[in-house]
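Residue strings, one per chain:
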Amino acid sequence: MSSVCAILGASGHGKVVAELAELNGYSEIKFFDDAWPHKLQVEHWSVVGNTQSLFESIDSYDCIVVAIGNNSVRYSKHREIVEAGAKCPPLIHPKAIVSNYAQIKEGTVVMAGAAVNPFSTIGEACVLNTNSCVDHDCALQDGVHISPNASLAGAVQVGEKAWVGIGAQVRQQIKIGPEAVVGAGATVVKDVPKGKTVVGNPAKIKVSNR
Ligand SMILES: CC(=O)SCCNC(=O)CCNC(=O)[C@H](O)C(C)(C)COP(=O)(O)OP(=O)(O)OC[C@H]1O[C@@H](n2cnc3c(N)ncnc32)[C@H](O)[C@@H]1OP(=O)(O)O
């Protein structure tokens, strides 16, 4: 029997999510994007409607993933579709390593090479991107993005909708506030306040953001 995955957001990230869904056994992929009907295709997959048409057909899908890079938009759209009754199981790449003792909530995607170690918890609509590492006892709230090759040491806490940039590293037991941004390549050795952007090694609050 065919199982269908709907993806909201016909973006580069959406393409990675489409292949991830195929690897998770979904035989049919349907994209939705507000650029429809102007945009009808993303690579070989069809864009079949916009956000409104997705809501109108929400019961038709075995899995719905919001593949929008912006953390706030992704999380709020995810909540709207969940409240409308969508099924949003997490998608985990067969070559990701997720501990049996970790917890991953709905709407989250775990890309190739990512690792999640024991007793870490990952909220809803998060992105654990390619080769990212979430070590033991971390707690990630909803809507977080850990970019490719970024690493969290043990017991790091990441607040709702925070973004850890590509190749960043975070020392054990650090708290990253909600909606904070850790810049690409940063080394975080102090807590990051809510909504602030930090860059560099050691990471400091970006001047324009103080
Ligand atoms: C699969 C995927 O593609 S997932 C996406 C992966 N992408 C990422 O992880 C990107 C993360 N984003 C960043 O690192 C961004 O550069 C941010 C958010 C830190 C800053 O973005 P912006 O506010 O647009 O900064 P902008 O590019 O205007 O640069 C402003 C200054 O900060 C510096 N700066 C920007 N980012 C960094 C960084 N990561 N580390 C050090 N300095 C930086 C710039 O050199 C510039 O300095 P200058 O004023 O002396 O010339």
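Rules behind the numbers
- Residues numbered from 1 in each chain as written.
- Predicted model: local features only at pLDDT ≥ 70, side-chain atom pairs only at ≥ 80, totals over all residues.
- Heavy atoms only, no water.
- Near = heavy atom within 4 Å.
- Polar contact = N/O pair within 3.5 Å; in protein donor to acceptor, adjacent residues only side chain to side chain.
- Areas by Shrake-Rupley, 256 points an atom, 1.4 Å probe, with all protein chains shown as cover.
- Helix = DSSP H or I, 4+ residues; strand = E, 2+ residues; numbered from the N terminus.

Engineer: Any chance you could explain the site of the ligand here in plain terms?
Structural biologist: Neighbouring the ligand are 13 residues, the closest being Trp163, Gly165, Ile166, Ala184 and Lys206. One of the backbone N or O atoms of isoleucine 166 is found 2.7 Å from an oxygen atom in the ligand. Within the contact set of the ligand, an oxygen atom lies 2.8 Å away from a backbone nitrogen or oxygen of alanine 184. Bound to the protein, the ligand loses 38% of the 980 Å² it would expose on its own.

Engineer: How should unusual backbone geometry be read in this particular structure?
Structural biologist: Glycine aside, negative phi is the norm for most residues, and most peptide bonds take the trans geometry. For the peptide bond that leads from tryptophan 36 to proline 37, omega is 10 degrees, which places it in the cis range. Looking at where proline 37 falls in the secondary structure, it is placed in the loop between strand E2 (28-32) and strand E3 (41-42). Residue proline 202 follows asparagine 201 across a cis peptide bond; omega there is -5 degrees. Position of proline 202 among the secondary structure elements: in the loop between strand E23 (197-199) and strand E24 (204-205). Look at glutamate 43: it is not a glycine, yet its phi comes out positive at around 50 degrees. Here glutamate 43 shows up in the loop between E3 and strand E4 (45-49). Residue glutamine 173 is not a glycine yet carries a positive backbone phi of 65 degrees.

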